Amino acid sequence: MNIIRNIRTPIMHRAVEANGLVFVGGTIADDTSVSMGDQTRNILGKIAGYLKEAGTDASRVVSASIFVTDLSMKKEMDAAWTEFFGDDLPARATVGVADLGGGALIEVVVTALKG
């Protein structure tokens, strides 16, 4: 099995390709002072870039895990989510957590098919 690691940071690779799949690690917004909806849009834009660099796109995302610090803001996140994915909605789990650090309200992890 060939493993390709993309977009290195000091502690991880943003995307790892293996066995026809692209795994995008936990992604938070660049500006954590904005609303849940705006953080979600920023994150999804970043993920779109990571997927493009790995040779795929959002329509190929099959699974997502979302971590949020306040489930009462879920409607904002859902609105941004459906704007981004349209009819190509992946399977998804949303989990409430106590803290994501740095003021982040949301963190997203996705898995996509290559190609």
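Use the structure listed above.
Overview of the structure. What you see as residue numbers is a count from 1 along each chain, following the sequence as written. Two thresholds apply to this predicted model, a pLDDT of at least 70 for residue-level local features and 80 or more for giving and counting side-chain atom pairs, whereas whole-chain, interface and lining totals are computed over all residues. Side-chain measures here rest on the full set of heavy atoms in the structure, leaving out hydrogens and waters.

Details of the nonpolar core
- Ranked by size, the top nonpolar core spans 24 residues in total, and within it Val 24, Ile 106 and Val 108 carry the most contacts.
- Counting from the N terminus, the helices are DSSP H or I runs at least four residues long and the strands are E runs at least two residues long. If you list the elements that add at least two residues to this core, you get β3 (21-27), α1 (36-53), β4 (61-68), α2 (74-85) and β6 (106-113).
- For this core, the leading source of residues is α1, giving 6 residues.
- Apart from the residues within four sequence positions on either side, Val 108 is in contact with Gly 25, Gly 26, Thr 27, Ile 43, Ile 47, Ser 65, Ile 66 and Trp 81. Grouping buried Ala, Val, Leu, Ile, Met, Phe, Trp, Tyr and Cys residues that are joined through side-chain atoms within 4.5 Å yields what is termed a nonpolar core. Residue exposure (1.4 Å probe, protein chains only): buried if accessible area is under 20% of the type maximum, exposed if over 50%, otherwise partly exposed. Throughout, a contact is declared for two residues whenever any of their heavy atoms are within 4.5 Å.

Observations concerning the pattern of salt bridges
- Each reported salt bridge corresponds to a side-chain nitrogen of Lys or Arg within 4 Å of a carboxyl oxygen of Asp or Glu. Overall, the coordinates contain 6 salt bridges when judged by the stated rule.
- The closest approach of N and O atoms between Arg 41 and Asp 38, which form a salt bridge, is 3.5 Å. Here the residue Arg 41 and the residue Asp 38 both occupy positions in helix α1, the gap between them amounting to 3 residues, near one helical turn.
- Looking at Arg 41, the relative accessible area reads 37%, which means it is partly exposed.
- Given the relative accessible area of 39%, Asp 38 is considered partly exposed.
- For the salt bridge of Arg 41 with Glu 83, the shortest nitrogen-to-oxygen distance reads 3.0 Å. Of the two residues, Arg 41 is situated in helix α1 and Glu 83 in helix α2; the sequence distance between them amounts to 42 residues.
- Overlapping salt bridges, with partners in common, bring together Asp 38, Arg 41 and Glu 83 in one network.

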